[in-house]
Every structure is written in structure tokens, then in C-alpha cells.
Amino acid sequence: MFAGRPVRTGRVVLVGGVLLILAATAVGVTAAVRAGDPARSPLHRAVDAYLDTVGAGGAAPPGACAGTADPAAELRRHGARFGHRIISSTEGGGEATVNIDLRPGDGPAVAHSLDLHRTGETWQVCSASPGHVEIDPFD
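Peer 1: Looking at this structure, how should I read the overall build of the protein?
Peer 2: Counting its regular elements, the protein contains three helices and four strands. When the helices and strands of the protein are placed in sequence order, the string is α-α-α-β-β-β-β. Put simply, the protein has 139 residues, and 26% of those count as buried. Sequence separation of 24 or more characterises 42% of the internal contacts of the protein that already satisfy a separation of 6 or more. Taken as a whole, the protein presents about 9,100 Å² of accessible surface, with 60% of it coming from carbon and sulfur.

Below is the structure:
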């Protein structure tokens, strides 16, 4: 187009397009890791620690939820030892609900929901109930 000077817009567009695709992929992978890695959440780390202890037969840590039934007793109705998997959770204003599946021995998974309360930076399990509660993923 310009006399005496070759036009190289094709390379610039190609390189720019590749860089844009790489940047979008990196952002997408980072977002997926954050969304899909519950271990990054203090709430999920607290639930894992609580259930690892209780599920291994250990004593449940003392809670700050006065007047509630012992959540460990409810969870152990299905067996003294169990594994677990976090299914979903919601939190707000220092309160949270976490849906879990207990894995007692070789038996089928048993659905439960845990209610938690946060004091400062510490999440404490207040109650455990059979079944899952409906959690809107867009909250």
C-alpha cells in the first residue's frame, strides 16, 4: 500500500491474536482453579479439618454455638469412622451452610448439611442435619 515498504499487518494480527488467546486461556484456567478448588476457602478448610477429625474417631473441637445438639453425634449415627466430600456451600454475614456426603465404610454416600458460625477468622460447626439443603449457585 505504501510505495517501497511492504505491508506486514498479517504478522501483527496473527501475533496479537495468539497473545490474546493465551491471555484468555490463562485467565480462564486461573478462574477455574479458584472456583473448583475448595481448599482455597477458609470455610471449606474448616469443614475438612472438622470432618477429618470426627471421621477418624477423634473428639470434635468445642464449638461456639451454645444450645445446639452435638453435630458429631449426628454424623456418627452412620458409623464411628467415615470419609467425606464437600458438595456445595453458601456463606454470608458470618453464617454458612455446607452440603457434604459422608462415606461410611463401603456403604453408600449419606447426604448431610452442616451449619457453621464464624467468630473472627474461625469457622465452627454448629449443627449437622440429614439431607442437603438447596443452594443457589448464583448467590
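Peer 1: Quick question: what am I supposed to make of the nonpolar core here?
Peer 2: When a protein is soluble and globular, its nonpolar side chains tend to lie buried together. Of all hydrophobic cores here, the largest spans 20 residues; its most connected members are V47, L51, L75, I100, L114 and L116. Taken together, the elements giving at least two residues each to this core come down to helix 2 (42-55), helix 3 (71-75), strand 2 (95-103), strand 3 (110-119) and strand 4 (122-130). Beyond its immediate chain neighbours, meaning those up to four positions away, V47 contacts I86, V98, I100, L114 and L116.

Peer 1: Please clarify how the environment of L116 should be interpreted in this entry.
Peer 2: Mapped onto the elements, L116 comes out in strand 3. Expressed as a C-alpha distance, the spacing of L116 and E91, which sit 25 residues apart in the sequence, is 8.9 Å. In this structure, L116 is in contact with L43, V47, G94, E95, A96, V98, W123, Q124, V125 and C126, ignoring residues within four places of it in sequence.

Peer 1: Quick question: what am I supposed to make of the sheet that holds strand 2 here?
Peer 2: Across a sheet, paired strands are connected by hydrogen bonds in the backbone, their directions being either parallel or antiparallel. Spatially, 1-2-3-4 is the arrangement adopted by the four strands of the open sheet, whose pairing is antiparallel. Unpaired on one side and paired on the other, strand 1 (83-92) and strand 4 mark the two borders of the sheet. Taking the axes of each pair of neighbouring strands and ignoring which way they run, one obtains an average angle of 25° across the sheet. Here strand 3 pairs with strand 4 via eight bridges, running antiparallel. For S113, the partnering residue across the bridge sits in strand 4 and is S129. Running at roughly 145° to strand 1, helix 2 makes contact with strand 1, strand 2, strand 3 and strand 4 of the sheet.

Conventions we followed
- Residues numbered from 1 in each chain as written.
- Predicted model: local features only at pLDDT ≥ 70, side-chain atom pairs only at ≥ 80, totals over all residues.
- Heavy atoms only, no water.
- Helix = DSSP H or I, 4+ residues; strand = E, 2+ residues; numbered from the N terminus.
- Buried < 20%, exposed > 50% of the residue type's maximum accessible area, 1.4 Å probe, protein only.
- Contact = heavy atoms within 4.5 Å.
- Areas by Shrake-Rupley, 256 points an atom, 1.4 Å probe, with all protein chains shown as cover.
- Core = buried A, V, L, I, M, F, W, Y, C linked by side-chain atoms within 4.5 Å.
- Pairing = 2+ DSSP bridges.
- Axes fitted to C-alpha atoms, helices over the stretch in contact; angles between N-to-C directions.

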